[in-house]
Amino acid sequence: MAEIFVLVEHRQGKIRDITFEMLEAGEKLASQQGASSTAVLLGHNVKSFAEELATRASKVLVVEDAQLQHFNSSLYQKVLSSLITKYQPLLTLIGHTAFGMDLAPSLSVEMGFPLVTDCIGLSFEESRLKAVRSVYGGKVNANISTRESKGYLATLRPGLYSPGAPEGKKGGIVMESSPLQEKIDIKKFIEYIEAPLTGEDITQAEIIVSVGQGIGGPEPIPMFEEVARSLGGVLACSRPVVDRNWLPKERQVGISGKTVKPKIYIAIGISGAFQHVTAMQGSDTIIAINKDPRAPIFGVADYGIVDDFQNVIPILKEKAKGMK
Ligand SMILES: Cc1cc2nc3c(=O)[nH]c(=O)nc-3n(C[C@H](O)[C@H](O)[C@H](O)COP(=O)(O)OP(=O)(O)OC[C@H]3O[C@@H](n4cnc5c(N)ncnc54)[C@H](O)[C@@H]3O)c2cc1C
C-alpha cells in the first residue's frame, strides 16, 4: 500500500503542533488515495513521542541517533533520503516552518522530486500531486500542478488544520537503524535561546486587543493598552508595529512572533496577511475593525466593523466601562 510520510517536528522535548496538523492532512489524503499515513520520527530518546504518534498515524517510523537530538537539516536530509529510497512514499509532508524551509528544497534536489512549498490545500489527480498556494499576501489562490514523479514533497502551512483528540492506539512502531555512520558537522546545534519575557505573556491571555500598522503611529498605544486592560485582556500587535518600535517583540502575533488562541481576538487596523492570520485564527471569536471592506482579515473574522478605528474605539471604551 502506498504511504504518505509526515515528518515529525519536535523541539525542546515537545512535538510541535504542525506535526498533528500534518498528520490530520496526511490521513485525509491517504484515505482518498487508498494509502496509509506514516509519521517519520527522527531524534534521540524519543520513545514517548513514538507512543503518542501511534495514536494518530497508521505507522510510526523511528530513527534514533544521538546526532538527531536537535533538528539539523543536513542530518535530517541524509536520514530522510535513505528512508524515502527504501519505502518509496507517494508524498512526504514537511511543515512550512523555519525547520521545513531549511530542509525541503535540498531534499527535493537530492531526490529529484517535485516540491510545492507553503501549501494550503493538497490533492491527487490520477497520480499527480496538485496543490493550492496562497499568493500576493492572500489575495490570490494559485492551483499548482506537478509533473509526474515517483514521489512528491510538500511543505504545509501551519494553522490550517485543527486536529481532533487522539483515537487510542492506531499504528505500530517500526525502528529503523540510523544511516548516519560518521559524524557530520557541516552545521552544528549550539544552543536554544528563548527570548526573555519582560512583560505580558500574550499566549496565556483570554482576551487580546491587537493593533496593526493602521493605527498610524505610537501615539494611540496607551489608549489601546487602557482598552485592553478595561476588557480584562492584553495588548498585542502585528509585525510592523514591532518593526517600528511601537511595541516590544514579545507582543507580536504571527509566524515570526507568537501563536495565540484567546476567547476573543480584536484586530484593529490589521490587514490580515497570512503571516499574521495563521497565528491567531484558532481564536474562539475574532472581531476585526478595518476601514477597508476588502481587507483579508474579514475573511477570518466572526464579526467585522468597516470603519476608521477612531470612530469605533470611543464606543468600545464606553462599553468596556460598563463591564467593570
Ligand atoms: C518572513 C515573514 C514573516 C512575517 N511574520 C509576521 C508576523 O509574525 N506577524 C505579522 O503580523 N506579520 C508578519 N509578517 C508581515 C506580514 O506579511 C504583513 O506585512 C503584516 O502582517 C502587515 O501588518 P498590518 O496588517 O499591521 O499592516 P498593513 O498590511 O499595512 O495593514 C494595515 C491595515 O490597517 C487598515 N487601516 C488603515 N488605517 C486605518 C484606520 N484609521 N482605521 C481602521 N483600519 C485602518 C488598512 O486598511 C490595512 O488593512 C511577516 C512577513 C514575512 C515576509
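Everything discussed here concerns the structure shown above.
Residues numbered from 1 in each chain as written. Predicted model: local features only at pLDDT ≥ 70, side-chain atom pairs only at ≥ 80, totals over all residues. Heavy atoms only, no water.

K.L.:
Which parts of the structure should I look at to understand the site of the ligand?
P.N.:
Within the structure, the ligand sits among 24 residues, and Gln213, Ser238, Gln252, Ser256 and Ser271 are positioned closest to it. Within the side chain of Ser256, one N or O atom sits 2.7 Å away from a nitrogen atom of the ligand. When isolated, the ligand has an accessible area of 980 Å², and the protein chains bury 73% of it. Mapped by element, the contributors of at least two residues to the shell around the ligand are α6 (239-243) and α7 (274-277). In terms of residue class, the shell around the ligand is made up of six nonpolar, 13 polar and five charged. (Near = heavy atom within 4 Å. Polar contact = N/O pair within 3.5 Å; in protein donor to acceptor, adjacent residues only side chain to side chain. Areas by Shrake-Rupley, 256 points an atom, 1.4 Å probe, with all protein chains shown as cover. Helix = DSSP H or I, 4+ residues; strand = E, 2+ residues; numbered from the N terminus. Nonpolar A, V, L, I, M, F, W, Y, C, P; charged D, E, K, R; others polar.)

K.L.:
Can you walk me through the sheet that holds strand β6 (residues 91-95) in this structure?
P.N.:
With respect to topology, nine strands assemble into an open sheet ordered β9-β8-β7-β10-β6-β1-β4-β5-β11, the strand pairing being mixed. Each of the sheet's edge strands pairs with one partner strand only, and the pair in question is β9 (140-145) and β11 (172-176). Between one strand axis and the next, the sheet turns through 30 degrees on average, direction left out of account. Bridging between strand β5 (residues 59-64) and β11 involves five bridges; their strand directions are parallel. The residue bridging Lys59 from the neighbouring strand is Gly172, located in β11. On the sheet, helix α3 (residues 73-87) packs against β1 (3-7), β4 (36-43), β5, β6, β10 (152-156) and β11 and is oriented at approximately 170 degrees with respect to β1. On top of the sheet, helix α4 (residues 98-111) reaches β1, β6, β7 (115-125) and β10; it is set at about 150 degrees to β6, its chief contact. (Pairing = 2+ DSSP bridges. Axes fitted to C-alpha atoms, helices over the stretch in contact; angles between N-to-C directions. Contact = heavy atoms within 4.5 Å.)

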